[in-house]
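Observations on the three-dimensional arrangement
Single-letter residue listing:
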There are 2 protein chains.
Amino acid sequence: MSYDIIKSLKIKQDRRIIMTKKKILTVVPMSDTYKEKLKEVSEGCEIMYSTYEDVSREMVQEANIIIGNVPAWMIGMSKNLELLQLNSSGTDAYMGVNILNDRTIMTSATGAYGKAVGEHLFAMLMSIQKKLHVYRDNQNRCDWSDEGQVLSLTGNTVLIAGLGNIGLSFAKMMKGLDSYVIGIKRRKSECPEGVDELHTMEELDELLPKADVVVSILPNTPVTRGIFGEDQFKKMKKNAVFLNAGRGNAVDTEALCNALIRGEIYAAGLDVTDPEPLPQEHRLWNIKNAVITPHISGDFHLPQTLDFIADIAVENVRRYLSGEELLHVVDFQTGYCK
Amino acid sequence: MSYDIIKSLKIKQDRRIIMTKKKILTVVPMSDTYKEKLKEVSEGCEIMYSTYEDVSREMVQEANIIIGNVPAWMIGMSKNLELLQLNSSGTDAYMGVNILNDRTIMTSATGAYGKAVGEHLFAMLMSIQKKLHVYRDNQNRCDWSDEGQVLSLTGNTVLIAGLGNIGLSFAKMMKGLDSYVIGIKRRKSECPEGVDELHTMEELDELLPKADVVVSILPNTPVTRGIFGEDQFKKMKKNAVFLNAGRGNAVDTEALCNALIRGEIYAAGLDVTDPEPLPQEHRLWNIKNAVITPHISGDFHLPQTLDFIADIAVENVRRYLSGEELLHVVDFQTGYCK
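- Looking at an unreviewed UniProt entry, chain A carries the name 4-phosphoerythronate dehydrogenase, with the source organism given as Anaerostipes caccae.

1. A look at the interface of chain A and chain B
- On the chain B side, the residues contacting the 53 residues of chain A number 53 residues.
- Where chain A abuts chain B, roughly 4,600 Å² becomes buried across the two surfaces, and 61% of that area is made up of carbon and sulfur atoms.
- If you sort the residues of chain A by the area they bury against chain B, R136(A), W144(A) and W285(A) come out on top, with a joint share of 19%.
- Here chain A and chain B share 34 residue pairs in polar contact (both at pLDDT 80 or more) between them.
- Within the residue set of the side of chain A that touches chain B, elements represented by two or more residues are α5 (114-129), α6 (132-139), β12 (290-292) and α11 (303-321) of chain A.
- Of all the elements, α5(A) adds the most residues to the side of chain A that touches chain B, at eight residues.
- Looking at the side of chain A that touches chain B residue by residue, the classes come out as 25 nonpolar, 17 polar and 11 charged.

2. Structural notes on the packing of α5(A) against helix α5 (residues 114-129) of chain B
- The contact between α5(A) and α5(B) brings their axes to 8 Å, and the two run at 130°. Relative to α5(B), the element α5(A) is oriented oblique. Once α5(A) is placed against α5(B), the crossing between them reads as left-handed. Along the contact surface, α5(A) presents F122(A), A123(A), M126(A) and S127(A), while α5(B) presents F122(B), A123(B), M126(B) and S127(B).

3. Comments concerning the UniProt feature "domain: D-isomer specific 2-hydroxyacid dehydrogenase NAD-binding" (unreviewed entry) in chain A
- In the UniProt entry, the feature "domain: D-isomer specific 2-hydroxyacid dehydrogenase NAD-binding" (unreviewed entry) is given for residues 122-297 of chain A.
- Along residues 122-297 of chain A one finds 26% helix and 17% strand; the C-alpha atoms at either end are 11 Å apart.

4. What about the sheet that holds strand β8 (residues 197-200) of chain B?
Residue and element names in this part refer to chain B.
- The strand order across the open sheet formed by seven strands is β8-β7-β6-β9-β10-β11-β12, and the pairing between neighbours is parallel. If you trace the sheet from one side to the other, it starts and ends with β8 and β12 (290-292), each paired once. The mean angle between the axes of side-by-side strands here comes to 15°, regardless of whether they run parallel or antiparallel.
- Helix-sheet contacts for α5 involve β9 (213-216), β10 (241-244), β11 (267-270) and β12, and the interaxial angle to β10 is about 155°.
- Across the sheet, helix α7 (residues 165-175) touches β6 (157-161), β7 (180-185), β9 and β10, and the angle it forms with β6 is around 175°.

5. Points about the sheet that holds strand β8 (residues 197-200) of chain A
All names here are of chain A.
- Taking strand neighbours across the sheet as the criterion, the seven strands line up as β8-β7-β6-β9-β10-β11-β12 in an open arrangement whose pairing is parallel. Looking along the sheet, the strands with just one partner apiece sit at the ends: β8 and β12. Neighbour-to-neighbour, the strand axes of the sheet open up by a mean angle of 15°, direction not taken into account.
- Sheet analysis places strand β9 (residues 213-216) next to strand β10 (residues 241-244), joined by four bridges and oriented parallel. Bridge pairing links V214 to F242 in β10.
- Against the sheet, helix α7 (residues 165-175) touches β6 (157-161), β7 (180-185), β9 and β10, its axis set at about 175° to β6.
- Packed onto the sheet, helix α10 (residues 253-261) meets β10, β11 (267-270) and β12 and runs at close to 140° relative to β11.

What counts as what
- Residues numbered from 1 in each chain as written.
- Chains lettered and ligands numbered in written order.
- Predicted model: local features only at pLDDT ≥ 70, side-chain atom pairs only at ≥ 80, totals over all residues.
- Heavy atoms only, no water.
- Contact = heavy atoms within 4.5 Å.
- Buried area = accessible area lost by both parts, 1.4 Å probe.
- Polar contact = N/O pair within 3.5 Å; in protein donor to acceptor, adjacent residues only side chain to side chain.
- Helix = DSSP H or I, 4+ residues; strand = E, 2+ residues; numbered from the N terminus.
- Nonpolar A, V, L, I, M, F, W, Y, C, P; charged D, E, K, R; others polar.
- Axes fitted to C-alpha atoms, helices over the stretch in contact; angles between N-to-C directions.
- Parallel < 35°, antiparallel > 145°, perpendicular 65-115°, else oblique.
- Left-handed = near helix turned anticlockwise from the far one by under 90°.
- UniProt positions renumbered as here; feature names shortened; annotations may be inferred.
- Pairing = 2+ DSSP bridges.

Listed below in structure tokens is the structure:
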């Protein structure tokens, strides 16, 4: 036998030893294609399928690998849990104490939502630029009124704070409309394709006055909380549209309400709010130039999203079982992927 | 003197003779730049500036050249009127009897609205695909409800009936979202760039079942009236979005209402309706998957539109005064440009 064949047999044997030990629980509604793929990569393992509604604490406690955002309280530092593959890119629900044991690796589904959330942000922006929210209100009053000037969809300067997969997907669509795209990331890195300038968070304030569109796709971390406050809205153009599809608490909600009411900015498109869900009596609901959707852009509402998640999950299970490096491992210090 | 110089002097002389005879009335709110350009091309002519609100029958009757859509009744077959340069691409208001004398040339501003109307259609489509009209209704009830699946903005098959300047502007934006674009024109011609297939009106019915998005940008002519009726909506996909930014009467409104209520199509985005303005008591106002704007996409709400119109108008005045062929001359038989 050649060395290669011997080596390959050895790896196969090792893998099988690891595999037979694992119980995999998945609550993500995978298509049959991906169920088949998961079976293939986890030969010999036990796969349990459940749903977000029906999953029990017992199932969660038993599992070595979990695919999907099971309730954090069910995990309760389970000794069995080795790998938690989230179906979300946000990780904050699992960052608290007494949730994961020290040896659990958490991986996120970052990237899976790029298309869905990017498209949602894009549609919100176009709708606001053409005052379609105002015309919808008029329609509900059977009112055939002309609401005057609109903004152009093309040639805008777009500032994206939190330039990950979602930001890049949004940027690509905006470039199709001849936008100038400025990205902001935590750390200096090479400027990605489709982005005209790349900066770091410290430069936010001096970039704000340049932008026609300001987008927050920031996660919930100690650094990002309330980063968009009174000063930031004052620095924006009067015609600026502010969008948020990251986490609601990157924004000081009261400061945003004031800026919208005073006309310091043109309008806001918010798929996330702080607090969330937004209480019935909150004044933000009734501010006419706020356009609110209830944190739905990152759900499974775009059919492709589920496949993107399943794709990451199956690949990470394969890698884990064969001892390879995992994708999108969450850094517990920052909440970001390493 | 060379022949060329003699010829050029001769043309200059002839032009001046024509020029001195003309009174030009403009009601289009031109920028100073275009006022200056108009002055330059019409040396020796008398230019009267007025507004849509203030223009009088006397001014209209006096003018040899009119720039802008003055009320048709004011024209009353004026013997002086030689050239009516509309600020619209629609021409139907001036096609009736007893409006223009036989010798008046009418030119349209076709092309000037491509950007504005194309953008409006695009924004309406995105908004509908992400259910933003439904979420706006929810917002008005302070309701944080999830409305389920949405449509993707990318990879759609788009059918554009009436592929002129507006259709091409819309098609270009849709190509940026990886759409497959099928155009329909009155007459067979070469397939323009950015369009994947070009067909004629007779093929409409067999193309409808293929489209995710059906757009009508048809003018008001005897041929187009009610072209989208019960049969056409039945032929569309259940998930099809229908858009109209041409003329309202290309659609059988009752058939459209029925198709929307029965869920035969997904939704409609209408910047034009029949009748128009839509009466307060019309049932279309209250059909939730109808998104209505009050025929505003083609107004001057996008600042660039005025410049596009002024550009055409100044060029046509220049051409008329120097005896050159005019742009966008309206054919009184069809209502289209020749």
